[in-house]
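# Results of the structural survey
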Amino acid sequence: MLRGLVLLHGRTSGDAFPAYSGGSILVEGGRLVLDGVRIADSVATDTDLSDGDLSSGGAVTVTGGATLTLAGRSTIDGARAGWGGAIAVEGVSGTTLVLRDRARLHHDRATYGGGAIGALDDGGTIMLRDRARLDHDTAGAFGSAINAGGLIVIRDRARVRRNASTGSPLSGAIEVWAYGDAVAHLRLAGNAKVIWNTSGPGGAGIVLWRDCGTTVPTLHGAPGRVYGNQPANLLLRTGTDGC
């Protein structure tokens, strides 16, 4: 456990994983709790952009079946990476991220996907609960707040609000993708809300993306919890490029 720390101006860089992942913290296996911790202005940089910006986890990367919990009003702000501006969830089934007790990710940015949280594989779990918030995060293409497969649970008055995607015309605040035969789920419960987010001209607050396969991501939760998003609240998207 890390408690009451302030981590500023973290930097990591390289041309391959894990060198370009986790600007302040890299969690490989095991469990880590951040309690009342602030991480600010943390950056992960890919020094070889021949295949695009593959850096991930501007502040933190969680991988190898690890569990990361942000609690006690922990915050990450001003973090930047190619994928997962604040936090990247990488790797195998069992890798888990939990935000609770008013934890907040805000003003973070991803060049491509997951302004606050980006999952680069489809087997992990992301949970927001107990008034956790993702707000004022941005992404150049996919998922200004969250871009992920696997299981995403937002509950107990957690909020995803006032995030903005700036590039892709079909982007969303939360993009849930199922690649090939993978299964992906988004669950909203306990007065959780996805509200007042802004996306591309054909996008929505929540985008369910069937990507290169027949499996469609599922959404469970009352539609009244998703409102005020521009230009729409919900979009079902299919993708075939590069399949």
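Each value, and the rule that gives it
- Counting restarts for each chain, with residues numbered from 1 along the sequence as it is written.
- Restriction of local features to residues with pLDDT of at least 70 applies here, the model being predicted, together with a cutoff of 80 or more for giving and counting side-chain atom pairs; totals for whole chains, interfaces and linings are based on all residues.
- With hydrogens and water set aside, each side-chain value is computed from the structure's full complement of heavy atoms.
- Under the DSSP-based scheme used, a helix requires at least four consecutive residues in state H or I and a strand at least two consecutive residues in state E, with every element numbered from the N terminus.
- Here the globule rule is a power law, 2.2 Å times the number of residues to the power 0.38, and the radius of gyration is based on C-alpha atoms.
- Burial status follows relative accessibility: with a 1.4 Å probe on protein chains alone, a residue under 20% of its type maximum counts as buried, one over 50% as exposed, and anything between as partly exposed.
- Only heavy atoms enter the contact rule, under which two residues are in contact if any of them lie within 4.5 Å.
- Any two strands are treated as partners once DSSP identifies two or more bridges connecting them.
- The term salt bridge refers to a side-chain nitrogen of Lys or Arg lying within 4 Å of a carboxyl oxygen of Asp or Glu.
- Note on ring pairs: Phe, Tyr and Trp rings are taken, using the six-membered ring of Trp, and paired if centres are within 6.5 Å. Classes follow the plane angle, with under 30 degrees stacked, over 60 edge-to-face and the rest tilted.

### Focus on the overall build of the protein
Each helix and strand in the protein was counted, giving zero helices and 30 strands. Rg of the C-alpha trace for the protein: 16 Å, near the compact-globule value of 18 Å for 243 residues, within the 12% margin. Here the C-alpha coordinates of the protein stretch approximately 40 × 40 × 30 Å along the principal axes. Looking at the 243 residues of the protein, the share that counts as buried comes to 54%. For the protein, restricting intrachain contacts to residue pairs at least 6 apart in sequence, the fraction spanning at least 24 positions comes to 83%.

### Things to note about the sheet that holds strand β2 (residues 6-8)
Strand order in this open sheet of eight strands is β2-β6-β10-β14-β18-β22-β26-β29, and the pairing throughout is parallel. The two strands at the open ends of the sheet, each matched to only one other strand, are β2 and β29 (226-227).

### Details of the pattern of salt bridges
Within this structure, the stated rule accounts for nine salt bridges. Note that D41 and R11 form a salt bridge whose closest N and O atoms lie 3.4 Å from each other. A residue pair is termed long-range when its members are at least 10 positions apart, and D41 in the loop between β6 (38-40) and β7 (43-46) and R11 in strand β3 (residues 11-14) qualify at 30 residues. Residue classification places D41 among the partly exposed positions, given a relative accessible area of 23%.

### Some thoughts on the packing of aromatic side chains
Taken as a whole and assessed by the stated rule, the structure comprises four aromatic pairs. Measuring from ring centre to ring centre gives 5.5 Å for F142 and W209, while their planes differ by 40 degrees; the resulting arrangement is tilted. Of this pair, F142 sits in the loop between β19 (138-139) and β20 (146-148) while W209 sits in strand β27 (residues 204-211), placing them 67 residues apart in sequence. On the numbers, 6.4 Å between centres and 85 degrees between planes, the contact of W196 with Y227 is edge-to-face. Of this pair, W196 sits in the loop between β26 (193-195) and β27 while Y227 is found in strand β29, placing the two residues 31 residues apart along the sequence.

### Remarks on the sheet that holds strand β21 (residues 151-154)
Taken together, eight strands build an open sheet; the order of strands is β1-β5-β9-β13-β17-β21-β25-β28 and the sheet is parallel. Looking at strand neighbours, the two that pair on one side only are β1 (2-3) and β28 (218-220), the edges of this open sheet. As defined by bridge partners, strand β5 (residues 31-35) adjoins strand β9 (residues 67-71) across five bridges and the pair is classed as parallel. Bridge pairing links L32 to L68 in β9.

### Remarks on unusual backbone geometry
Cis geometry is adopted by the peptide bond preceding P18, which originates at F17 and carries an omega value of 5 degrees. Here P18 is to be found in the loop between β3 and β4 (25-28). In this structure, the amide linkage connecting Q230 to the following residue, P231, adopts the cis form with an omega of 5 degrees. Checked against the element boundaries, P231 lands in the loop between β29 and β30 (234-239). Non-glycine residue D130 carries a positive phi angle of around 50 degrees. With a phi angle near 55 degrees, R162 is a residue other than glycine that sits in the positive phi range.

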